[in-house]
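Coordinate inspection notes
Next come the chains, spelled out residue by residue.
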Amino acid sequence: MERRTLALMSDPTKIWVDGCFDFFHHGHAGALRQARKLGSQLYVGVHSDEAILKNKGPVVMHLDERVYAVDTCRWTTQVVPNAPYVTSVQVMDEYDCKYVAHGDDITTDADGNDCYAEVKQLHRFLEFKRTPNISTTDLIARMLSSSCAHHIPADSTWLHEPSVVDQFAAYATAANGTDPFAAVYNCTSQGVEVLVRGDHASNSAVLVSGAFDLFHCGDIEYLEKAKVSTPMGTKLVVGIYSDSDVQREKGKNYPIMNIYERALCVLQCKYVDAVILNCKPGFDLADIHFLPGQLNVDSIRLTTFKNLSSDVIIKRVLSNREQYEERQRRKNMKSINEEKIKAHN
Ligand code: CTP
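Residues numbered from 1 in each chain as written. Predicted model: local features only at pLDDT ≥ 70, side-chain atom pairs only at ≥ 80, totals over all residues. Heavy atoms only, no water.

Helix and strand counts for the chain come out as twelve helices and ten strands. For the chain, whose C-alpha radius of gyration is 20 Å, the value lies close to the compact-globule estimate of 20 Å for 345 residues. Each principal axis of the C-alpha distribution contributes one length, and for the chain these read about 55 × 45 × 40 Å. Taking all 345 residues of the chain together, 55% fall into the buried category. (Helix = DSSP H or I, 4+ residues; strand = E, 2+ residues; numbered from the N terminus. Rg over C-alpha atoms; globule rule 2.2 N^0.38 Å. Buried < 20%, exposed > 50% of the residue type's maximum accessible area, 1.4 Å probe, protein only.)

This is the structure in structure tokens:
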């Protein structure tokens with residue numbers, strides 16, 4: 001079957017992308033950035049909890065949480081909640097989206113049929129490269145197994161590999177998915193190094209720091225409130241604690257996402273102007289080129305997602321262990337069928 005390719009990149013059109021977006025991980029953010037670059041605006045359909053239950057298994061994050069996470073991604077133009085699980089040409093037309101974009105994996109419905117069969121037939125399907133080594137299934141597996149094999153040591157040179165720095169630069173781009181925007185720093189025993197420069201000099205900045213594990217809606221609401229409470233033009237700099245510091249504080253299995261994954265999640269958020277990897281409590285912003293402003297972070301009170309934390313999310317999985325183990329089995333079975341469909345395409 002013929003596939004439209006990235007050659008359409010210059011077409012200034014509205015792009016449709018849809019999915020579950022359960023835990024808004026960096027694979028999802030990467031999908032939205034790539035989809036955004038295919039057109040001029042990005043409409044993101046998010047499936048309902050019920051549709052996902054029927055076609056894939058139980059969600060961990062509920063619709064309102066998944067919608068907020070997608071909505072606060074820098075590359076999203078508009079979120080469309082309750083989008084049908086099998087991509088609908090009618091819904092795409094309603095939002096004036098000529099093309100739907102999806103990763104280079106196959107997604108099937110409860111009957112084992114390709115969710116994009118119709119749009120592929122109509123040549124309204126664009127494909128981008130799926131981000132390797134991250135999925136909702138992987139994150140649930142880490143929770144169920146209490147593994148910490150994914151952790152990265154704070155002094156790892158791996159963060160300097162060109163492909164890693166390139167990925168930081170990609171996630172640091174502006175709303176068009178291309179222009180430089182945010183900055184990325186790394187704290188080492190020698191001082192602070194710049195990994196990605198970003199586009200902006202700034203007269204003032206405020207720092208908020210934390211683990212930002214699973215980058216959930218409580219984290220995002222906190223960053224939103226921090227950003228809106230600062231004077232116009234103030235940069236929001238987010239310090240991210242090392243895996244070993246989070247582990248020491250929270251226990252062996254934490255963090256569920258390693259520092260690289262957490263940094264990419266924070267970086268794609270539209271309220272964030274810079275991230276500092278391996279930041280320590282008490283870090284002074286004057287150590288980088290910003291002039292620090294004042295932000296009383298203790299005054300930030302969450303409202304909508306005040307009861308959400310990484311512990312609450314992990315508890316959702318562990319207290320329904322059997323249900324999620326069954327979800328994992330079903331997802332693995334579906335993958336076998338999806339691989340077969342892919343091989344025949
Ligand atoms: N996606 C991606 N890279 C990943 C994970 C997802 O590019 N590592 C893309 C998918 O190809 C899809 C979009 O993100 O275009 C939304 O995916 P989703 O519906 O949430 O489901 P999955 O592909 O099953 O993602 P996950 O395995 O994380 O549940």
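Still to come is the rest of the account.
With respect to the element layout, Lys56 can be found in the loop between helix 2 (49–55) and helix 3 (63–71). An unpaired buried charge is present at Lys56: no salt bridge exists, and Asp22, the closest side chain of opposite charge, is 6.9 Å distant. (Lys, Arg positive; Asp, Glu negative; His and termini not counted. Salt bridge = Lys/Arg side-chain N within 4 Å of Asp/Glu carboxyl O.)

Now for the pattern of salt bridges. Overall, the coordinates contain 15 salt bridges when judged by the stated rule. Arg66 is the partner of Asp49 in a salt bridge, and the nearest nitrogen-oxygen pair spans 2.5 Å. With Asp49 in helix 2 and Arg66 in helix 3, this pair connects stretches of sequence that are 17 residues apart. Glu325 is the partner of Arg321 in a salt bridge, and the nearest nitrogen-oxygen pair spans 3.2 Å. Here the residue Arg321 and the residue Glu325 both occupy positions in helix 12 (residues 321–344), the gap between them amounting to four residues, near one helical turn. One connected set of salt bridges, linked through shared partners, spans Asp245, Arg248 and Lys280.

Between helix 6 (residues 136–145) and helix 11 (residues 310–318), the least distance of the axes is 10 Å, while the angle of their chain directions is 80°. Judged by the inter-axis angle, helix 6 sits roughly perpendicular to helix 11. For the pair formed by helix 6 and helix 11, the contact residues are Ile140, Met143 and Leu144 on the first element and Ile313, Ile314, Val317 and Leu318 on the second. For the contact of helix 6 with helix 11, the per-class residue count stands at seven nonpolar, no polar and no charged. (Axes fitted to C-alpha atoms, helices over the stretch in contact; angles between N-to-C directions. Parallel < 35°, antiparallel > 145°, perpendicular 65-115°, else oblique. Contact = heavy atoms within 4.5 Å. Nonpolar A, V, L, I, M, F, W, Y, C, P; charged D, E, K, R; others polar.)

Attention shifts here to the confidence of the model for the chain. Chain-level pLDDT for the chain is 91 on average; 93% of the residues reach the 70-or-more range. Long-range and interchain partners of residues 1–10, a stretch whose pLDDT sits below 50, account for 21 contacts in this model, where long-range means more than four residues apart. (pLDDT = per-residue confidence, 0-100.)

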